[in-house]
2 protein chains.
Amino acid sequence: MSAGSTEYPAVLTIAGTDSSGGAGIQADLKTFTAHLCYGTSVVVALTAQNTTGVQAVHSCGPKFIEQQASLHSVLDDVEIKAMKTGMLFDAASIRAVVGTLKTYYTGKAMPPLVCDPVCVSTSGHTLLQPDAVDVMISELFPVTHLVTPNKSEAELILSTRGLPSTIETLEEMLDAGKNLLTLGPQTVLLKGGHLTVTMADIDRVSGARPGLHVVRDGLFEDNTEILQVVEGDSAEARIVVDVLHTASSTTLYIRPRIESTSTHGTGCTLSAAVVCGLSRGENVETATRNATVYTHLGIETAFPLGQGYGPLNHMHALTVRSVPQPTRSNPHPFTRLLIQSTASIWKQYVEHDFVKQLARGTLPRECFIHFIKQDYLYLRYYARAYGLLAAKSATFPQIKAATDTIINVVNEVNTHKTFCAQWGIGEAELLATPESPATTAYGAYLLDVGLQGDTSRLTMAVAACLLGYGEVGLWLRKEAQRPHTWVVTEGNPYRQWMDDYGGAHYQGAVRVGIETIEALAQADPPSPARFDEWRAVWERCTLLEKGFWDMAMNLA
Amino acid sequence: MSAGSTEYPAVLTIAGTDSSGGAGIQADLKTFTAHLCYGTSVVVALTAQNTTGVQAVHSCGPKFIEQQASLHSVLDDVEIKAMKTGMLFDAASIRAVVGTLKTYYTGKAMPPLVCDPVCVSTSGHTLLQPDAVDVMISELFPVTHLVTPNKSEAELILSTRGLPSTIETLEEMLDAGKNLLTLGPQTVLLKGGHLTVTMADIDRVSGARPGLHVVRDGLFEDNTEILQVVEGDSAEARIVVDVLHTASSTTLYIRPRIESTSTHGTGCTLSAAVVCGLSRGENVETATRNATVYTHLGIETAFPLGQGYGPLNHMHALTVRSVPQPTRSNPHPFTRLLIQSTASIWKQYVEHDFVKQLARGTLPRECFIHFIKQDYLYLRYYARAYGLLAAKSATFPQIKAATDTIINVVNEVNTHKTFCAQWGIGEAELLATPESPATTAYGAYLLDVGLQGDTSRLTMAVAACLLGYGEVGLWLRKEAQRPHTWVVTEGNPYRQWMDDYGGAHYQGAVRVGIETIEALAQADPPSPARFDEWRAVWERCTLLEKGFWDMAMNLA
């Protein structure tokens, strides 16, 4: 058996299908996926159903269930962390399921089993044969960690065993839960969707039964008057309460009642969500709390579907990543996406005429001189931008990284001066050079981004220059190595410039830059809005880089 | 029929089950959910299988399929935007499916159908009866928008019709695809997972067959030398190619080959992902491109599960929201979460002794005077923080909102002066008041957050003061209304202060503040890391607010 992933724990549902996708194993699998659990499923019966009702039921027969389970198709191969049963159809199927589980888990701990005691569909269709209720109680309940009946299921189960079975008040709910606990399951969650109560009822019951825990979700919390004033007075609100009984405690989960017809599959969804919590090691109280919140939001955010009782929205908590995870074949997905999403302007920048003429050795000398003089002025902005980055950093390593870059730029400026001197430009001339508008535009934009945003935006802004010159350096190096290359290396007056940016030292800095922005996108996966912001900054800087080379060509 | 949601389009799979959850309708439903599509499913056959192989197959019989479909359990009730078939088991089932679809869509447009022609499992188990292949070609293909065979399925289909059926080279793949197209489907995606090719093969074929499109994903793009250098030379890479044939074009989707045993359910996943794209109106080229990328990442990010060929990771692109969507019963989920996640310190701030003594009228006069003098100094920081917010804003409405707050603070300062005068403090004394460390801590922290972060963090920082005083005002107002209240209103020297913060004017500002931070959290849903940052800023400010009242009580 494979241990599976702790990030995506494996869970199991043993239940019926719902062709319309709102209930049964379909709802379970959707709920598992929405909780990032790995879902497996054993189908007990097939139903043709939709939001208006159940049209047909087709039992798979206990032999097939037993075969699936006893052949250990699932259990033998996958380490299940928690599981549930839903519609079990008849006594033979229940016996097959329980028998197989008991055999498989002989001598090892059985993962927690949640039993959703599905008996009758909302539309009145029998989903469990009447004689099977007794078998469920006597055989399934003793191996059940949590049983999750609604009012009618609880009443049916209690009356089967001759226990008081009327559940019309909160007090009767509490008594019914205690009686259910005597039938064998370790814990009982009695769902109160049918009962409308108020805070006064909760207060009365809490007063009369000390030790009762009340978990308030969505409304009713202390010190949230500012929200309650906007949202209306919670004391008047009609609320729903679910009651969890364990051997040692009773907890009421209360939340606002919502009027909705999107309730098809609520019970399946709730029990499946509890399974997900249990599979991650949550205790039953926490798993129940999170599952009730998830289910409640599923109803409230449901989209219209079907003509009858529509399904919940199982996907309300999910968002889709704007930037994929890094993988072995694509270890730098964010950088790749930035370049892909600005491919046209990136190409205009990297394969600029300035670059091509420089590589051919045909670039007019005055253009290059104009460029390196303005580059000197640009580097001052660039160093200041890293100063801003240091000031905005949260950790010493970040402060040091920004500061190291400033030191590198300062050193580069000295090299730059030497380089300029070779081209006949003295330091006095460099200092006296008037700043071109393209230089101001780019430099001031960097500092504006640095003022306006956080470190992530500023990091995107400085990346375009670093990565772009790296790309130019590698492109020219690769082109130079082709047979019959157009790149001129021998006697090219600009060869040192090409060698510098294609060389190991500069490329080392490029790698660090790439790793930095990748780490940033993984640590704080951007929302679509935030990715757009980052992309826009990157694109603007790419455009300004291109403008810088336009300036050099035009001597502007 | 209900139109359903455009945000969550409804899709359908007609296929077999896989108890182990990696293939069949389980893989389809997981893929649908991962693409935020609403999944429905018609089960043709049940299989007991796992990552090591297929242990048993149980046909549901064509009567049940026809019943499900012809009774229109799904079709009648849900508007399907795109659909797929997977394992169809036998000729009778294929006829039942096609007949029901044709009957239902008589006189209306059938949504695009993707046919994954599942014939034999990877482990060699027959999933389609041999005599059914011919029925699939003659009856299902003509209503198929896209058919997605792999090598062995394509060979079986082609040989059934006496067409050349050997697919060992890229050229043979292209010819096979064209031949498949003659069998009736509108488009053909021939999957090339079995064939290892290199860029040289692609270049050769592209040269020989003009008009061939090549879509490069993951690697091989232009102008990405900086990535290729880090990742290795793509020219040497072993690649996989899928070929899409339409009536008018042929497209090669190429990507790096990955060695993996996590391939159980690859075909199901790919075809399901294409369905999701088609359901949103993507053309077949775009849907295919996105689906191949999704499937490729599913293999690459797979977690170990089972002892044989494990499943793909269907959840690689999903993240779970840190902040729930707003709903009618919880319209301010972000504010609620902020308060809940800092409940203890928030309570210490709101129900501070300073507040209680003030409400009882027992607060020492010198404490209150110390407080209002320091509050005057604090407001100067507060106004400056909004100045920084204006400077960091991206839009005129944001600039105006920040500026309006500055004007409000400036006006409040005038009221504050009058108020101070009533307590015997003149302007000269106000200006000469030395700043307490607690005032400096709080004020300077606001400005530091403003310098370090973007507008969102600064907005969180200024919210704690606005919302906290609002909560205090409402709490005292509510307490004052209780019978036998402890709050003293008659003759309380601090009554005006209470009335101001509980009053309509201040509460109006609180509402705007709440709506602002809620809008921010919805427009740019924070990653867990980002939510923690925001929460930390909010918590710090709450603590500094409490410290401000400690200072007043201690005359520090």
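Residues numbered from 1 in each chain as written. Chains lettered and ligands numbered in written order. Predicted model: local features only at pLDDT ≥ 70, side-chain atom pairs only at ≥ 80, totals over all residues. Heavy atoms only, no water.

### Brief notes about the overall build of chain A
Counting its regular elements, chain A contains 21 helices and 11 strands. Computed over its C-alpha atoms, the radius of gyration of chain A comes to 34 Å, more than 25% above the 24 Å expected for a compact globule of 556 residues. Oriented by its inertia axes, the alpha-carbon framework of chain A measures out at about 105 × 55 × 45 Å. Relative to all contacts within chain A whose residues are 6 or more apart in sequence, the contacts with residues 24 or more apart total 75%. (Helix = DSSP H or I, 4+ residues; strand = E, 2+ residues; numbered from the N terminus. Rg over C-alpha atoms; globule rule 2.2 N^0.38 Å. Contact = heavy atoms within 4.5 Å.)

### Details of the relation of the copies chain A and chain B
Expressed as a screw operation, the relation of chain A to chain B combines 0.0 Å of axial shift with a rotation of 180 degrees, fitting to an RMSD of 0.1 Å. The superposition operator between the copies reduces to a two-fold rotation axis. Of all interface residues in chain A, 100% are interface residues in chain B too; the two copies therefore contact each other through one and the same surface. (Least-squares fit on C-alpha atoms with pLDDT ≥ 70 in both.)

### Remarks on the sheet that holds strand 8 (residues 213-216) of chain B
All names here are of chain B. In spatial order, the strands read 3-2-1-4-5-6-7-9-10-8; together these 10 strands make up an open sheet with mixed pairing. Of all strands in the sheet, those bounded by a partner on one side alone are strand 3 (53-59) and strand 8. Relative to strand 9 (residues 239-245), strand 7 (residues 187-190) runs antiparallel, the two sharing three bridges. Looking across to strand 9, one finds that Leu189 is bridged to Leu244. Strand contacts of helix 6 (residues 170-181): strand 7, strand 9 and strand 10 (250-256), with the helix running at about 25 degrees to strand 9, the strand carrying the most contacts. (Pairing = 2+ DSSP bridges. Axes fitted to C-alpha atoms, helices over the stretch in contact; angles between N-to-C directions.)

### A closer look at the interface of chain A and chain B
Opposite the 121 residues of chain A that make contact, chain B presents 121 residues. Summed over both partners, the interface of chain A with chain B comes to about 10100 Å²; 59% of that surface belongs to carbon and sulfur atoms. Counting the surface chain A buries against chain B, the share from its top three residues, Tyr38(A), Asn223(A) and Ile226(A), is 8%. In this structure, the connection of chain A to chain B is made through five salt bridges. Between Arg530(B) and Asp454(A) there is a salt bridge, with its nearest N and O atoms 3.7 Å apart. (Buried area = accessible area lost by both parts, 1.4 Å probe. Salt bridge = Lys/Arg side-chain N within 4 Å of Asp/Glu carboxyl O.)

### Considerations on helix 14 (residues 365-392) of chain A
Across its 28 residues, helix 14 of chain A extends 40 Å between first and last C-alpha, which sits within 8% of the 40 Å expected from 1.5 Å per residue. With respect to burial, helix 14 of chain A is a largely interior element, 21 of its 28 residues being buried. (Expected span 1.5 Å × (residues − 1). Buried < 20%, exposed > 50% of the residue type's maximum accessible area, 1.4 Å probe, protein only.)

### Re the pattern of salt bridges
A side chain with one charge may pair with a side chain of the opposite charge, provided their charged atoms come close. Counting across every chain of the model gives 53 salt bridges over all chains. A salt bridge links Lys347(A) to Glu351(A); the nearest nitrogen and oxygen atoms lie 3.6 Å apart. A residue is classified by how much of its surface remains accessible, and Lys347(A), at 35% relative accessible area, is partly exposed. The partner of Lys546(A) in a salt bridge is Asp550(A), and the shortest N-O contact between them spans 3.0 Å. Placement of the pair is Lys546(A) and Asp550(A) together in helix 21 (residues 528-554), with a separation of four residues, close to one helical turn. Assessed through its relative accessible area of 25%, Asp550(A) is described here as partly exposed. The network of salt bridges with shared partners includes Asp454(A), Asp524(A), Arg530(A), Asp454(B), Asp524(B) and Arg530(B).

### Some thoughts on the packing of aromatic side chains
Evaluation of the coordinates by the stated rule reveals 56 aromatic pairs over all chains. A centroid spacing of 5.7 Å and a plane angle of 35 degrees characterise the contact between Tyr378(A) and Tyr382(A), whose relative ring orientation is tilted. One end of the pair, Tyr378(A), and the other, Tyr382(A), are both in helix 14, four residues apart, so they sit about a helical turn from each other. Tyr382(A) carries the same exposure label as Tyr378(A), and that label is buried. Ring geometry for Phe371(B) and Phe548(B): centres 6.0 Å apart, planes at 80 degrees, overall edge-to-face. Pair noted here: Phe371(B) is in helix 14 (residues 365-392) and Phe548(B) is in helix 21 (residues 528-554), with a separation of 177 residues, a long-range link. The same class applies to Phe371(B) as to Phe548(B), namely buried. Lys108(A) extends its terminal NZ or CZ atom over the ring of Tyr104(A), reaching a point 4.2 Å from the ring centre. (Phe/Tyr/Trp six-rings, centres within 6.5 Å; stacked < 30°, edge-to-face > 60°. Lys NZ or Arg CZ within 6 Å of the ring centre and 35° of its normal.)

### Quick notes on unusual backbone geometry
Residue and element names in this part refer to chain A. Its identity as a non-glycine residue notwithstanding, Leu36 has a phi of 55 degrees, on the positive side. Looking at the element boundaries, Leu36 is found in the loop between helix 1 (24-34) and strand 2 (38-50). Residue Leu36 is classed as buried on the basis of its relative accessible area, which comes to 16%.

### Things to note about the domain arrangement of chain A
Segmenting chain A into domains produces domain 1 (10-193 + 260-301) and domain 2 (333-553). Spacing between the C-alpha centres of domain 1 of chain A and domain 2 of chain A amounts to 61 Å. (Domains from an automatic or database assignment.)

### Quick notes on the sheet that holds strand 4 (residues 82-85) of chain A
All names here are of chain A. Read across the sheet, 10 strands follow the order 3-2-1-4-5-6-7-9-10-8 without closing on themselves; strand pairing throughout is mixed. The open sheet terminates on both sides in strands that have one partner only, identified here as strand 3 (53-59) and strand 8 (213-216). Summarising the sheet, strand 4 and strand 5 (residues 113-115) pair through three bridges and their orientation is parallel. Among the inter-strand pairings, Lys84 is bridged to a residue of strand 5, identified as Val114.

### Looking at the side chain of His352(A)
When you line up the elements, His352(A) lands in the loop between helix 12 (343-350) and helix 13 (353-360). Not counting the four nearest positions on each side in its chain, His352(A) is found in contact with Lys347(A), Lys546(A), Trp549(A), Asp550(A) and Met553(A).

### Some details on the environment of Thr455(B)
Assignment of secondary structure puts Thr455(B) in helix 18 (residues 455-481). According to the relative accessible area criterion, Thr455(B) is partly exposed, its value standing at 25%. Taking C-alpha positions, Thr455(B) is 9.7 Å from Leu520(B), a pair spaced 65 residues apart along the chain. When sequence neighbours within four positions are dropped, the list of residues in contact with Thr455(B) reads Gln452(A), Leu389(B), Lys392(B) and Ser393(B).

### Some details on the packing of helix 1 of chain A against helix 9 (residues 266-279) of chain A
Residue and element names in this part refer to chain A. Across the interface, helix 1 lies against helix 9 with an axial gap of 9 Å and an inter-helix angle of 40 degrees. Judged on the interaxial angle alone, helix 9 and helix 1 are oblique. By crossing handedness, the relation of helix 1 to helix 9 is classed as right-handed. For the pair helix 1 and helix 9, the contacting residues are Gly24, Ala27, Asp28, Thr31 and Phe32 in the first and Cys268, Thr269, Ala272, Ala273, Val275 and Cys276 in the second. Taken together, the residues of the contact of helix 1 with helix 9 break down into seven nonpolar, three polar and one charged. (Parallel < 35°, antiparallel > 145°, perpendicular 65-115°, else oblique. Left-handed = near helix turned anticlockwise from the far one by under 90°. Nonpolar A, V, L, I, M, F, W, Y, C, P; charged D, E, K, R; others polar.)

### Some thoughts on the pairing of strand 9 of chain B
Residues and elements named next belong to chain B. The buried count for strand 9 comes to seven of seven residues, which makes it a mostly enclosed element. The alternating pattern of strand 9 places Ile239, Val241, Val243 and His245 on one face and Val240, Asp242 and Leu244 on the opposite face, and all of these are buried. Between strand 9 and strand 10, which follow one another and run antiparallel, lie four residues.

### Quick word on the side chain of Glu153(B)
All names here are of chain B. Tracing the sequence through the fold places Glu153 in helix 5 (residues 151-160). Buried charge without a salt bridge: Glu153, with Lys191 as the nearest opposite-charge side chain at an N-O distance of 4.7 Å. If we ignore the near neighbours within four places in the chain, the residues touching Glu153 are Asp116, Pro117, Val118, Cys119 and Thr148. (Lys, Arg positive; Asp, Glu negative; His and termini not counted.)

### Quick look at the pairing of strand 4 of chain A
Residue and element names in this part refer to chain A. Neither face of strand 4 is exposed, since Ala82 and Lys84 on one face and Met83 and Thr85 on the opposite face are all buried. Across four bridges, the pairing between strand 1 (residues 10-16) and strand 4 is parallel. If you follow Leu12 over to strand 4, its bridge partner there is Met83. For the handedness criterion, the β-α-β arrangement of strand 4, helix 3 (residues 91-104) and strand 5 is classed as right-handed. (Right-handed = clockwise from strand over helix to strand, strands pointing away.)

### Observations concerning helix 18 of chain B
The first and last C-alpha atoms of helix 18 of chain B sit 39 Å apart over 27 residues, in line with the 39 Å expected at 1.5 Å per residue. Where helix 18 of chain B bends most, at Ala463(B), the angle is about 35 degrees. (Bend = angle between axes of the 7 residues up to and from the residue.)

### What to know about the packing of helix 19 (residues 495-502) of chain B against helix 20 (residues 504-523) of chain B
All names here are of chain B. Helix 20 packs onto helix 19 with a crossing angle of 40 degrees between their chain directions and a minimal axis gap of 5 Å. Between helix 19 and helix 20, the crossing angle belongs to the class labelled oblique. Only Ala504, Tyr506 and Gln507 of helix 20 make contact with helix 19, whose side of the interface consists of Asp500, Tyr501 and Gly502. Within the contact of helix 19 with helix 20, the residues separate by chemical class into three nonpolar, two polar and one charged.

### Overview of the environment of Leu312(B)
All names here are of chain B. Position of Leu312 among the secondary structure elements: in the loop between helix 10 (284-300) and strand 11 (318-320). Among the residues examined, Leu312 registers a relative accessible area of 2% and is labelled buried. Considering only alpha carbons, one finds Leu312 and Thr122, 190 residues apart in sequence, at a separation of 15 Å. Setting aside anything within four residues of it in sequence, one finds Leu312 in contact with Ser262, Thr263, His264, Gly265, Thr266, Thr269, Thr295, Gly298, Ile299 and Ala302.

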